[in-house]
Amino acid sequence: MTQIDQFESVFRAAAHDAFEYDVVAFKRVLFVTDGNADQSKAFVQQTLGYATNLKKSEIELVHGEEFQTTDELLEKVTAHRPDLICTYRNLHSKAWKFRHSLGEHLDVLLQRTDAPVLVMPHPEAGFANLDALQETKTVMVMTGQLANNHTLVNHAISFVASGGELYLTHIEDKAVFERYINAISKIPSIDTDDARKHIAHQLLQDPINYITSCQEILEEKGLSLKVHPLVSFGHHLTEYRQAVESHAVNLLVMNTKDNEQLAMHGLAYPLAVELRQLPLLML
């Protein structure tokens, strides 16, 4: 390696991505249900008791008697132009009895609308973790690329109840890492042990630096919440499921849209299907 290469590597390693804080406010919140007017109002009140940050929002409601098809639902959403949509799994579907899907209405909402969607457990399914629905005291961000994901983090912050906790997680896929290390081991000019050590360190150090900047900036802003890092190697689905259970998470925040595909982003869909007892904020 030349001296220029060494200097550039040191410079790049010292350059950290800093968190950019922005206040997220939901001026207009649209609740979408498949029940009648009275059932829908009960769902609204339960959700506002859980997500107390929405109590000052302008609340609008589309209940089950106002639409049947996904096209009709999209027309309603377009007309209301909400900043946030609140609904639940398996909307207008009996599939809440099973573990296999979110339902076609919710799938369309997540992919065809720009507004974030707060997805609650189905009110009739009986799968909900009632402790998790009390208040958003513990919020977790789930992403495979945490650094510079300011929008995701800011949305999560907006839901953390006063004095609550925010877990910022970044799980590097261990199987993918081992595949690249195996390829490196076949290149004679690269020391495999040295590469494993330094690449692993750098992959984890970037999100750690970003989380540190989150902690510092939120402390400067005087926000009454604690930020915890969860950064490691592992199997994505297994690690996130264990993290949610071990930290008694009340809300999981994740990206769902992918600019390069119509299907839901990355691990969002399998996690959303698996963690059906937990509210999800899906951006």
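Please refer to the structure placed before this passage.
Residues numbered from 1 in each chain as written. Predicted model: local features only at pLDDT ≥ 70, side-chain atom pairs only at ≥ 80, totals over all residues. Heavy atoms only, no water.

1. Remarks on unusual backbone geometry
Here the phi dihedral of Arg 81 falls at roughly 50 degrees; this positive angle occurs in a residue that is not glycine. The exposed category is assigned to Arg 81, whose relative accessible area is 66%. At Ala 248, a position not held by glycine, the phi torsion is positive, near 50 degrees. Relative to the elements of secondary structure, Ala 248 occurs in the loop between α8 (236–246) and β8 (251–254). We classify Ala 248 as exposed; its relative accessible area is 53%. (Buried < 20%, exposed > 50% of the residue type's maximum accessible area, 1.4 Å probe, protein only. Helix = DSSP H or I, 4+ residues; strand = E, 2+ residues; numbered from the N terminus.)

2. Notes on helix α5 (residues 150–159)
Among the ten residues in α5, nine count as buried, and that is most of the element. Regarding α5, the residues found buried are His 150, Leu 152, Val 153, Asn 154, His 155, Ala 156, Ile 157, Ser 158 and Phe 159.

3. Concerning the packing of helix α6 (residues 174–184) against helix α7 (residues 192–221)
In the contact formed by α6 and α7, the axes pass within 10 Å of each other and the chain directions differ by 150 degrees. The angle between α6 and α7 places the two elements in the roughly antiparallel class. Our pair here, α6 against α7, has a crossing hand that is right-handed. Facing α6, whose interface residues are Phe 177, Glu 178, Ile 181 and Ile 184, α7 presents Thr 192, Ala 195, Arg 196, Ile 199, Ala 200 and Leu 203. Residue classes in the contact of α6 with α7 are distributed as seven nonpolar, one polar and two charged. (Axes fitted to C-alpha atoms, helices over the stretch in contact; angles between N-to-C directions. Parallel < 35°, antiparallel > 145°, perpendicular 65-115°, else oblique. Left-handed = near helix turned anticlockwise from the far one by under 90°. Contact = heavy atoms within 4.5 Å. Nonpolar A, V, L, I, M, F, W, Y, C, P; charged D, E, K, R; others polar.)

4. What to know about helix α3 (residues 70–80)
Residues of α3 that are buried include every one of Leu 73, Leu 74 and Val 77, and no others. Seen end-on, α3 carries its buried residues on one side only, within an arc spanning 100 degrees. Residues of α3 that are exposed and point over 90 degrees away from its buried face: Asp 71, Glu 75, Thr 78 and Ala 79. Looking at the buried residues of α3, the elements they touch are β1 (28–32), β3 (84–88) and α4 (104–112). (Arc of directions from axis to C-beta.)

5. A short note on the environment of Ala 147
When you line up the elements, Ala 147 lands in the loop between β5 (138–143) and α5. Taking the C-alpha atoms as reference points, Ala 147 and Tyr 210, 63 residues apart in sequence, are found 5.6 Å from one another. The contacts of Ala 147, once residues within four sequence positions are left out, are Asp 17 and Tyr 210.

6. Describing the packing of aromatic side chains
In total, this model carries six aromatic pairs according to the counting rule given. Summarising the aromatic geometry, the rings of Phe 177 and Phe 233 are spaced 4.9 Å apart at their centres and angled 50 degrees between planes, so their arrangement reads as tilted. Residue Phe 177 is found in helix α6, and its partner Phe 233 is found in strand β7 (residues 226–234); the two are separated by 56 residues along the sequence. Overall, Phe 233 belongs to the partly exposed group, its relative accessible area being 22%. Ring pairs connect the aromatic residues Phe 19, Tyr 21 and Tyr 210, which therefore count as one cluster. (Phe/Tyr/Trp six-rings, centres within 6.5 Å; stacked < 30°, edge-to-face > 60°.)

7. Overview of the sheet that holds strand β9 (residues 280–282)
A sheet is described by the order of its strands in space; here nine strands give the open sequence β2-β1-β3-β4-β9-β8-β5-β6-β7, paired in mixed fashion. Both outer strands of the open sheet, β2 (58–62) and β7, are each paired with one neighbouring strand and no more. Ignoring strand direction, the axes of neighbouring strands in this sheet form an average angle of 20 degrees. In this sheet, β8 lies alongside β5 in parallel orientation, the contact comprising four bridges. (Pairing = 2+ DSSP bridges.)

8. Some details on the pattern of salt bridges
Counting across every chain of the model gives three salt bridges. Residues Arg 28 and Glu 60 are paired through a salt bridge, measuring 3.7 Å at the closest nitrogen-oxygen approach. Of this pair, Arg 28 sits in strand β1 while Glu 60 is found in strand β2, placing the two residues 32 residues apart along the sequence. Of the residues examined, Arg 28 reaches a relative accessible area of 27% and is grouped as partly exposed. According to the relative accessible area criterion, Glu 60 is buried, its value standing at 19%. (Salt bridge = Lys/Arg side-chain N within 4 Å of Asp/Glu carboxyl O.)

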